[in-house]
Amino acid sequence: MTDEATAANRFSRPPRSFTDGRDRAIEIGVADDADSEAVVEMYAAYTDADRAQGIPPRERRDVGEWVDTMLDDGINLVAWHGEDAVGHAALFPYDDTAELVIFVHPDYHYAGIGSRLIRALLGAGQRAGLDHVWLSVQRDNHVAMNLYRSVGFETTRRERNEHEMELDL
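Since we're looking at a predicted model, the values are computed, not measured.

Engineer: Hey, could you go over the overall build of the protein chain for me, with residue numbers and the actual values?
Structural biologist: Scanning the protein chain for helices and strands turns up five helices and eight strands. Secondary structure of the protein chain in N-to-C order comes out as α-β-β-α-α-β-β-β-α-β-α-β-β. Relative to a compact globule of 169 residues, whose C-alpha radius of gyration would be 15 Å, the protein chain shows 15 Å and is just as compact. Over its C-alpha atoms, taken along the principal directions, the protein chain stretches across nearly 45 × 40 × 30 Å. The buried share among the 169 residues of the protein chain stands at 46%. The contacts in the protein chain between residues at least 6 apart in sequence include a share of 61% that link residues at least 24 apart. For the protein chain, the exposed area adds up to about 9,100 Å²; of that, 44% sits on carbon and sulfur atoms. Across the protein chain, the centroid of the 17 positively charged side chains sits 7 Å from that of the 32 negatively charged ones.

Shown next as structure tokens:
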């Protein structure tokens, strides 16, 4: 396989089914407007300690508007455990680059869902023709930074409270 073909195949494409680290059946699929309420429910359960960089918003109304904007403007995937949304990740394209956000419900942390979700999202981004992805992360969020590094992101800018990381697809 050529280097170009290897790069094109390094990220999975949704839909994906797997058993997480706590033996739960998880399905990752492309999100649409019909999934809005389930995603809002996931975010509504977040406490202040679960928020990063001011997101998700605190008020349910604001969460709903935020989720609807993401579903309208981005490439969105949802991780499902049965009927419950337990993870959400999105890419917001700007020409051939995109900003990435990812959240996993706190009850589902440390089970491998974030790793599978981000890889599937990056695969969806490749399929959409994106060449470059960036994100910002709180500098003390070591778990998230390790996740991003595990798929190839590199820190490109360090600020007082956050780091910017980038990845060429």
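Engineer: Break down the nonpolar core for me, with residues and values.
Structural biologist: In this structure, Leu100, Ile118, Leu122, Tyr148 and Phe153 are the most contacted members of the largest nonpolar core, which totals 35 residues. Sorting elements by how many residues they give to this core places helix H4 (residues 113-127) first, with seven residues. Excluding anything up to four places from it in sequence, Tyr148 contacts Leu100, Ile102, Ile118, Leu135, Val137, Phe153 and Met165. Among the nonpolar cores identified, the runner-up in size contains 19 residues, and Met42, Leu71, Val101 and Phe103 belong to it.

Engineer: How would you explain the packing of H4 against helix H5 (residues 142-150) if you had to name every residue and give the values?
Structural biologist: Packing of H4 against H5 brings their axes to within 10 Å, and their N-to-C directions diverge by 45 degrees. Taken together, H4 and H5 sit at an angle that is classed as oblique. Here H4 and H5 pass one another in a crossing that is right-handed. Note on element contacts: H5 touches H4 through Leu147, Tyr148 and Ser150, opposite Gly114, Ser115, Ile118 and Arg119. Class assignment for the residues of the contact of H4 with H5 results in three nonpolar, three polar and one charged.

Engineer: Give me the packing of aromatic side chains: which residues, what numbers.
Structural biologist: Within this structure, the stated rule accounts for six aromatic pairs. Between Tyr43 and Trp66, the ring centres sit 4.9 Å apart and the planes meet at 70 degrees, which makes this aromatic pair edge-to-face. Here Trp66 lies in helix H3 (residues 60-73) and Tyr43 lies in helix H2 (residues 36-44), a separation of 23 residues in the sequence. Residue Trp66 is classed as buried on the basis of its relative accessible area of 18%. Each ring, one from Trp66 and one from Phe103, has its centre 5.9 Å from the other, and the planes form 80 degrees; the classification is edge-to-face. Highlighted residues: Trp66 in helix H3 and Phe103 in strand E5 (residues 97-104), separated in sequence by 37 residues. Through pairs of rings, three or more aromatic residues link up here, namely Tyr43, Tyr46, Trp66 and Phe103.

Engineer: How would you summarise the sheet that holds strand E4 (residues 84-94) if you had to cite specific residues and measurements?
Structural biologist: Ordered in space as E1-E2-E3-E4-E5-E6-E8-E7, the eight strands form an open sheet in which the pairing is mixed. Each edge of the open sheet carries a strand with a single partner, namely strand E1 (16-19) and strand E7 (154-158). On average, each strand axis in the sheet is inclined to that of its neighbour by 25 degrees, with strand direction left out of account. Looking at chain direction, strand E2 (residues 25-30) and strand E3 (residues 75-81) are connected through four bridges and run antiparallel. Pairing of Val30 across the sheet is with Leu77, part of E3.

Criteria and cut-off values
Residues numbered from 1 in each chain as written. Predicted model: local features only at pLDDT ≥ 70, side-chain atom pairs only at ≥ 80, totals over all residues. Heavy atoms only, no water. Helix = DSSP H or I, 4+ residues; strand = E, 2+ residues; numbered from the N terminus. Rg over C-alpha atoms; globule rule 2.2 N^0.38 Å. Buried < 20%, exposed > 50% of the residue type's maximum accessible area, 1.4 Å probe, protein only. Contact = heavy atoms within 4.5 Å. Areas by Shrake-Rupley, 256 points an atom, 1.4 Å probe, with all protein chains shown as cover. Lys, Arg positive; Asp, Glu negative; His and termini not counted. Charge placed at Lys NZ, Arg CZ, Asp CG, Glu CD. Core = buried A, V, L, I, M, F, W, Y, C linked by side-chain atoms within 4.5 Å. Axes fitted to C-alpha atoms, helices over the stretch in contact; angles between N-to-C directions. Parallel < 35°, antiparallel > 145°, perpendicular 65-115°, else oblique. Left-handed = near helix turned anticlockwise from the far one by under 90°. Nonpolar A, V, L, I, M, F, W, Y, C, P; charged D, E, K, R; others polar. Phe/Tyr/Trp six-rings, centres within 6.5 Å; stacked < 30°, edge-to-face > 60°. Pairing = 2+ DSSP bridges.

Fair warning: the whole summary comes from geometry, so function is off the table for now.
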